[in-house]
Amino acid sequence: MTSSESASIFVSLAAYRDTQLVPTVEDCLRKASHPDRLRFGICWQRDDNEPPLPFASDPRFRIREIHWRESKGACWARAEIMNLWQGEDWFLQVDSHCRFAPGWDDALLRTAAATGSAKPIVSTYPPPFSPGPNEILAGDPLQMVFQQFTPEGIPQLRPGPFPRGGSPGRPLRARYLAAGFLFAPGSLVREVPYDPELYFMGEEASMTVRAFTHGYDLFHPAEAIVWHDYTRAQEPKHWGDHTDEARPSTRWNELDEGSRRKVSRLLAGEPLDAFGLGAARTLKDYEAYAGLSFRHRKAQGYTLRGAEPPNPDAAADWPDKIYPWIATLRFTPEQVPKNSLHDSQLWSLSILDDAGNEICHRDVQREELATLQAAQGELAIVCEFSSDTAPATWTLWPLTTAGQWLPKFGAKFSDGEFAILSER
């Protein structure tokens, strides 16, 4: 591989009607230590009244423009961009609403070298930022933590802090890769090309197991290098446009249903005609490394706690010791921060065991909050989750529609507020 003194980086940007695309590119160029070594592949999915990009005459840019009605989603767009790669040494995939740390290119090359891996992938959920005249780029580096399995058996993930007691300053081994911030040798484009038939749910699980079984090693960076705008409340979304009313070429739900079925087949170990598993490692190797069982749809306690992989050796019957729980969080309106029932975009819910390990984390969305608003007297939220330890305490943390976190509130579970469910 080319030395870091002359390494080229191909930057992949799939942008769907995104007003932040140009600011993202400008920030990327301005903060790079070596902007002359960058090459950009962009799939710009736009409406007729949305302007063309101002980079057409810059030889560093390869741009694929398409009308939004013809778009088949983010994974399809990422696959289109991979076709624009021309052998650059490194591949960086980011979303089109991001910001970068000064010298981000050197930081990524330095992080990749620090892994000691011949085929490293540096990836994570970036810390958040909000676009505007006074952008604040702050926050600690994050890892990706298992949350739960979907009904189709696809892992759902969430951001989490680095494990307590880890070695500061070094890349953290990871179980998963993030689609919105992924840095890898350019060989990834050739060996693990994006599946254009995927839509959204399962994109990261599919790319994770495919990359791992092709011999790539997964890492989270120990410093914040990229920031991501997660809210984007007013921006057009592919699933909002691609409905019957808009008459697109393909409806989003049709793409999503087919995508979920394909990812489920991949995670079940079924052979696929294309975009399947590699031969360097097996799917069982990945399950042992990550502490997951796709067949049982369970995760080990070590995994649920977000401890660094690889997981310790576990007995063959470990899934039998992960129990399905149901827990009820009970509280009164007086415990709730003022106005948060009526002015919240979500509540962050966390359940911990006696040792303080988080064993359940999910967001209480607006629909569920509306049910709480209509309730009389005592309020309750019911959670179902899997864990090898019993729940002990819970916390709720409201996030207002303006993006402000209000004070947390919580309590210990009382007798009768949680129980083990019978296996389904």
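Position numbers for residues count from 1 along each chain, tracking the sequence in the order it is written. Restriction of local features to residues with pLDDT of at least 70 applies here, the model being predicted, together with a cutoff of 80 or more for giving and counting side-chain atom pairs; totals for whole chains, interfaces and linings are based on all residues. Note: side-chain values were computed over all heavy atoms of the structure, leaving out hydrogens and water.

Asks: Could you give me a rundown of the overall build of the protein chain, with the residues and numbers involved?
Replies: Per the convention used, a helix needs a DSSP run of H or I reaching at least four residues, while a strand needs a run of E reaching at least two, with both numbered from the N terminus. Across its full length, the protein chain holds 10 helices and 21 strands. Both definitions apply: the radius of gyration is a C-alpha atom measure, and the globule rule equals 2.2 Å times residues to the power 0.38. Against the compact-globule benchmark of 22 Å for 424 residues, the protein chain has a radius of gyration of 22 Å, which places it among compact chains. Along the first, second and third principal axes, the C-alpha set of the protein chain runs to 65 × 50 × 45 Å. Exposure categories follow from relative accessible area, calculated using a 1.4 Å probe and restricted to protein chains: below 20% of the type maximum is buried, above 50% is exposed, and the middle band is partly exposed. The buried share among the 424 residues of the protein chain stands at 54%. Restricting to contacts in the protein chain with at least 6 residues of sequence separation, those with at least 24 account for 71%. In this count, Lys and Arg are taken as positive residues and Asp and Glu as negative ones, while His and the chain termini are left out. To locate a charge, the coordinates of NZ of Lys, CZ of Arg, CG of Asp or CD of Glu are taken. Measuring between centres, the 44 positive side-chain charges of the protein chain sit 2 Å from its 57 negative side-chain charges. Here, two residues are considered to be in contact whenever any of their heavy atoms come within 4.5 Å of each other.

Asks: Outline the packing of aromatic side chains, listing residues and values.
Replies: Stacked, edge-to-face and tilted are the three classes for Phe, Tyr and Trp ring pairs, Trp counted by its six-membered ring, which pair at centre distances within 6.5 Å; planes under 30 degrees apart are stacked, over 60 edge-to-face, the rest tilted. Within the structure shown, the criterion is met by 19 aromatic pairs. Ring geometry for Y199 versus W252: centroids 6.2 Å apart, planes at 35°, classification tilted. Note that Y199 is positioned in the loop between α4 (187–191) and α5 (203–213) and W252 in helix α7 (residues 252–267), a separation of 53 residues in sequence. A relative accessible area of 29% places W252 in the partly exposed class. Three or more aromatic residues link up through ring pairs in this structure, and these residues are F146, F149, F212, Y286, Y289 and F294. For K408, the ring lying beneath its charged end belongs to W397, and the centroid distance is 4.4 Å. Cation placement over rings: the criterion is NZ of Lys or CZ of Arg within 6 Å of the ring centroid and within 35° of the ring normal.

Asks: Outline unusual backbone geometry, supporting the account with residue identities and numerical values.
Replies: Of all residues except glycine, most have a negative phi; of all peptide bonds, most are trans. The omega torsion of the bond from P309 to P310 falls at 5°, within 30 degrees of zero and hence cis. Positionally, P310 belongs in the loop between α9 (301–304) and β15 (323–331). With a phi angle near 55°, R297 is a residue other than glycine that sits in the positive phi range. With respect to the helices and strands, the residue R297 is situated in the loop between β13 (292–293) and β14 (298–299).

Asks: Tell me about the packing of α5 against α7, residues and numbers included.
Replies: Axis definition: a line fit to C-alpha positions, over the contact stretch in the case of helices; interaxial angles, taken between N-to-C directions, run 0 to 180 degrees. One way to put it is that α5 packs onto α7 with a least axis distance of 10 Å and a crossing angle of 30°. It follows from the interaxial angle that α5 and α7 lie roughly parallel. Between α5 and α7 lies a crossing of left-handed hand. Contacts between α5 and α7 pair A205, S206, V209 and R210 from the former with V263, L266 and L267 from the latter. Charged residues are taken to be Asp, Glu, Lys and Arg, nonpolar residues to be Ala, Val, Leu, Ile, Met, Phe, Trp, Tyr, Cys and Pro, and polar residues to be all remaining types, Gly included. The class makeup of the residues in the contact of α5 with α7 is five nonpolar, one polar and one charged. Angles are sorted into four bins: roughly parallel if under 35 degrees, roughly antiparallel if over 145, roughly perpendicular if 65 to 115, and oblique for all others. Crossing chirality is assigned from the near helix's rotation relative to the far helix, an anticlockwise turn below a right angle marking it left-handed and a clockwise turn marking it right-handed.

Asks: Tell me about helix α3 (residues 104–114), and name the residues and values.
Replies: Buried within α3 we find W104, D105, A107, L108, L109, T111 and A112. Among the residues trailing α3, G116 stands out with phi positive, at a value near 75°.

Asks: Got a sec to walk through the nonpolar core? Specific residues and values, please.
Replies: Grouping buried Ala, Val, Leu, Ile, Met, Phe, Trp, Tyr and Cys residues that are joined through side-chain atoms within 4.5 Å yields what is termed a nonpolar core. Formed by 51 residues in total, the largest nonpolar core has its most connected members in I121, L188, Y286, L292 and F294. Among the secondary structure elements, those contributing two or more residues to this core are β1 (9–16), α2 (74–82), β7 (142–149), β10 (181–185), α4, α5, α7 and α8 (283–290). Sorting elements by how many residues they give to this core places α2 first, with six residues.

Asks: Describe the layout of surface pockets, with residues and values.
Replies: Cavities and pockets were defined on a 1 Å grid built from protein atoms only: a cavity is a group of points that admits a 1.4 Å probe but offers it no way out, a pocket is an open group of points flanked by protein on both sides within 12 Å along at least five of seven lines, and a lining residue is one with an atom within 4 Å of any such point. Grid points are joined across faces, edges and corners, and a volume is the space filled by probe spheres set on the points. As a volume, the second largest pocket reaches approximately 660 Å³. Lining the second largest pocket are 26 residues, with F149, R297, P324, F385 and S386 sitting closest to its centre. Elements with a contribution of two residues or more to the lining of the second largest pocket: β7, β14, β15, β17 (358–365) and β18 (379–387). Partitioned by chemical class, the residues of the lining of the second largest pocket number 12 nonpolar, seven polar and seven charged.

Asks: I'd love a proper account of the side chain of S387, names of residues and values included.
Replies: Here S387 lies in strand β18. For S387, a relative accessible area of 0% corresponds to the buried category. Among all residues touching S387, those that are not within four sequence positions of it are L304, K321, I322, Y323, W325 and I359.

Asks: Give me the lowdown on the sheet that holds β17, citing residues and values where you can.
Replies: Paired strands are those between which DSSP finds at least two bridges. Read across the open sheet, the four strands follow the order β17-β16-β19-β20; overall the sheet is antiparallel. The outermost strands of the open sheet, each flanked by one partner alone, are β17 and β20 (409–412). Within this sheet the neighbouring strands show an average axis-to-axis angle of 15°, counted without direction. Pairing analysis gives eight bridges linking strand β16 (residues 344–352) to strand β19 (residues 393–400), with the strands arranged antiparallel. For L349, the partnering residue across the bridge sits in β19 and is L396. Seen against the sheet, helix α10 (residues 366–374) touches β16 and β17 and runs at an angle of roughly 80° to β17.

Asks: Would you mind going over the packing of α5 against α8 in detail, with residue names and values included?
Replies: Between α5 and α8, the least distance of the axes is 9 Å, while the angle of their chain directions is 110°. If you check the angle between α5 and α8, you find them roughly perpendicular. Where α5 abuts α8, its residues T208, V209, F212 and T213 lie against L283, D285, Y286 and Y289.

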